[in-house]
Amino acid sequence: MFPIRRNRRLRTNEAIRSLVRETYISPNDFLVPLFVVEGSGIKEEIDSMPNYYRYSLDLLKDEIKLLWSLGLKSVLLFVKVPDTLKDNKGTEALNPDGLMQRAIKTVKSVCPDMLVMTDVALDPFSSYGHDGIIENGKIINDTTVEVLAEMSISHAEAGANFVAPSDMMDGRILGIREALDQSNFLDVGIMSYSAKYASAFYGPFRDALDSAPVDVQDVPKDKKTYQMDFANREEAIRETEMDINEGADIVMVKPGLSYLDIVRDIRNSFDVPIAVYQVSGEYAMLKAAAEKGWLDHDAVMLEQITSIKRAGADIIASYFAKDVVKLMS
Ligand code: PBG
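These figures come from a predicted structure and were not determined experimentally.

A. Region of the structure containing the packing of helix H3 (residues 99-110) against helix H4 (residues 141-158). Direction vectors running N to C along H3 and H4 enclose 30°, while the axes themselves pass 8 Å from each other. Classed by the angle they form, the pair H3 and H4 counts as roughly parallel. The crossing of H3 and H4 is right-handed. Contact residues: Met100, Gln101, Ile104 and Lys105 in H3; Ser154, His155 and Ala158 in H4. Partitioned by chemical class, the residues of the contact of H3 with H4 number three nonpolar, three polar and one charged.

B. Focus on the pattern of salt bridges. One pass over the structure, following the stated rule, counts 17 salt bridges. Residues Glu38 and Arg102 are paired through a salt bridge, measuring 2.7 Å at the closest nitrogen-oxygen approach. Pair noted here: Glu38 is in the loop between strand E1 (30-37) and strand E2 (43-46) and Arg102 is in helix H3, with a separation of 64 residues, a long-range link. What you see here is one network of salt bridges that share partners, running through Glu14, Arg17 and Arg21.

C. Molecular detail of the packing of aromatic side chains. If you walk through the whole model with that rule in mind, you get 13 aromatic pairs. Pairing Tyr52 with Tyr283 gives two aromatic rings, centres 5.8 Å apart and planes at 70°, and the pair type is edge-to-face. With a gap of 231 residues between them, Tyr52 in strand E3 (residues 49-56) and Tyr283 in helix H9 (residues 280-291) connect regions that are remote in the sequence. Among the residues examined, Tyr52 registers a relative accessible area of 10% and is labelled buried. By relative accessible area, which is 1% here, Tyr283 ends up buried. Centre to centre, the rings of Tyr283 and Phe320 are 4.8 Å apart; their planes meet at 45°, and the pair counts as tilted. Within this pair, whereas Tyr283 is found in helix H9, its partner Phe320 is found in the loop between strand E12 (315-318) and helix H11 (321-328), the two being separated by 37 residues in sequence.

D. Quick look at a nonpolar patch on the surface. Side chains of Leu10, Leu19 and Val20 sit close together on the surface and give an oily, nonpolar patch of about 300 Å² of accessible area. On the secondary structure map, Leu10 appears in the segment before helix H1 (14-20). A relative accessible area of 46% places Leu10 in the partly exposed class.

Conventions we followed
Residues numbered from 1 in each chain as written. Predicted model: local features only at pLDDT ≥ 70, side-chain atom pairs only at ≥ 80, totals over all residues. Heavy atoms only, no water. Axes fitted to C-alpha atoms, helices over the stretch in contact; angles between N-to-C directions. Helix = DSSP H or I, 4+ residues; strand = E, 2+ residues; numbered from the N terminus. Parallel < 35°, antiparallel > 145°, perpendicular 65-115°, else oblique. Left-handed = near helix turned anticlockwise from the far one by under 90°. Contact = heavy atoms within 4.5 Å. Nonpolar A, V, L, I, M, F, W, Y, C, P; charged D, E, K, R; others polar. Salt bridge = Lys/Arg side-chain N within 4 Å of Asp/Glu carboxyl O. Phe/Tyr/Trp six-rings, centres within 6.5 Å; stacked < 30°, edge-to-face > 60°. Buried < 20%, exposed > 50% of the residue type's maximum accessible area, 1.4 Å probe, protein only. Patch = residues over 30% accessible without salt bridge, like charges linked within 9 Å, V, L, I, M, F, W, Y side chains within 5 Å. Areas by Shrake-Rupley, 256 points an atom, 1.4 Å probe, with all protein chains shown as cover.

What follows is the structure, given as structure tokens:
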């Protein structure tokens, strides 16, 4: 006998489909990554990220106002540091008048209510392109954590609302939380890149910031001794649980699309907000396929963003944020 239940009834037309739709996207879902450079009048397109730009501080102001007018209320700041200011210890990261510190103040000056999150890791400041300090060919964990904690205080002093450690050192969430609390930054939050995988999808980002590990002797060629092995799933739960116990307010899975099983595992295991970072390589893939006319850009973009939210993300860091919001309005 034919089944009594016909699932297609709920797909008959857009009205019924929208009535039973489970996942909706809104501007509230997004965190907008922004790349900042020294200079003035600069808005330069990143080669491997079509239609995505690095901004000097003066033009960053216009971009911030535009994002706010579109309903995008949170940004994640990254800085491109001149080679002359890079060293092994990332000293420039602690400069109270450094580019990051000035970028935070610039955003707050034009839009005080914009939520400012900052990247905390040494790679943009490291002469070796690593997220931590190198000694004898190894990334030194605990000394790096001390610098990351100081860096976090420096960002908080400049006005950051959240720091976002993306380095994957052990114990850095506790180190940062204690440092912030001791400096009385009780309201400054931590968004931890808890399950960050050693991924080949970060290539275009490293172009954007010129932050790839350098190819010299005694410097590790990749980040596999600190970022996670992409074959692992249980480990993501352990990492996330530790970060929550150390005081992370928001946890993150990165990259996005290839890791949605991890997002769902974490959603099912913990009740803290989850962010997903749809990374530069994911952006670049769709832009390239669309340029060739092989994929419908907007349709695939919405499908991907919806999949990330459906998997369990509360927050989506995405280079498509502006495109999605414009498309929806
Ligand atoms: C570095 C950092 C990376 C990204 C964010 N922070 C790259 C890396 O770990 O090498 C990647 C973001 C992207 O690809 O969009 N701490």
